[in-house]
Amino acid sequence: MDKTTIMKKAAKIKLAVFDVDGVLTDGKLILGESGDEYKSFHVRDGHGLIMLLEIGCKVAVITARSSNIVAERMKSLGIKYVFQNEKDKGVRLLKLINKL
């Protein structure tokens with residue numbers, strides 16, 4: 001497939017949806033003595049998400065876990081659609097698609 005074909009197909013993408021643990025993080029969960037949870041996000045992933053937003057692509061995060069750090073990170077990147085504690089990600093995804 002040539003570059004022009006790839007670019008035409010990519011231009012049709014209107015929504016990109018990601019999980020968090022092991023996708024936007026390295027998969028490690030670091031727990032502090034007081035029960036605080038820490039995650040490691042890569043700055044390049046964040047830059048990529050911002051680039052998607054800048055070209056008009058909607059970005060969503062759907063995760064089965066719940067964490068304040070995820071909410072803060074996504075807020076800092078300008079990600080509007082953040083769904084945490086979602087046990088059935090497929091159901092949430094279909095609801096989001098129907099909404100948009």
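Heads up: the structure comes first, above all this text.
Thresholds applied
Counting restarts for each chain: residues are numbered from 1 in the order of the written sequence. Whole-chain, interface and lining totals are the exception, using all residues; otherwise, since this is a predicted model, local features are given only for residues with pLDDT of at least 70 and side-chain atom pairs are given and counted only at 80 or more. Where side-chain values are given, they derive from all heavy atoms of the structure, hydrogens and water being excluded. Exposed residues in this analysis have more than 50% of their type's maximum accessible area, buried residues have under 20%, and partly exposed residues fall in between, with area computed by a 1.4 Å probe over protein chains only. Secondary structure elements follow DSSP: runs of H or I of four or more residues count as helices, runs of E of two or more count as strands, with numbering from the N terminus. In this description, strands pair whenever DSSP reports at least two bridges between them. Seen with the strands pointing away from the viewer, any crossover whose path from the first strand over the helix to the second strand runs clockwise is right-handed. Directions are taken from the helix axis to each C-beta atom, and the arc is the one they span. Identification of polar contacts relies on pairs of N or O atoms within 3.5 Å, with a donor-acceptor requirement for protein atoms, meaning one able to donate a hydrogen and the other able to accept it, and with residues adjacent in sequence counted only if both atoms are side-chain atoms.

### Brief notes about the pairing of strand β4 (residues 58-62)
- Of all the five residues making up β4, four are buried; the element is thus mostly covered by neighbouring parts of the structure.
- The pairing of strand β1 (residues 15-18) with β4 spans four bridges and is parallel. Looking across to β4, one finds that V17 is bridged to A60.
- Judged from the three bridges that link them, β4 and strand β5 (residues 81-83) form a sheet pairing that is parallel. Within β5, the residue paired with I62 across the bridge is F83.
- The handedness of the β4 to β5 crossover, carried by helix α3 (residues 68-77), is right-handed.

### Quick word on α3
- Taken residue by residue, α3 has V70, M74 and L77 as its buried positions. The buried residues of α3 occupy one face: seen down the axis, they fall within an arc of 60°. For α3, exposure combined with an orientation more than 90 degrees from the buried face picks out N68, K75 and S76.
- Two to three positions downstream of the cap, the backbone nitrogen of I69 sits 3.2 Å from a side-chain oxygen, assigning the N-cap of α3 to S67.
- Directly after α3, the chain includes G78, whose backbone phi takes a positive value near 85°.

Coordinates in, geometry out; function isn't part of it.
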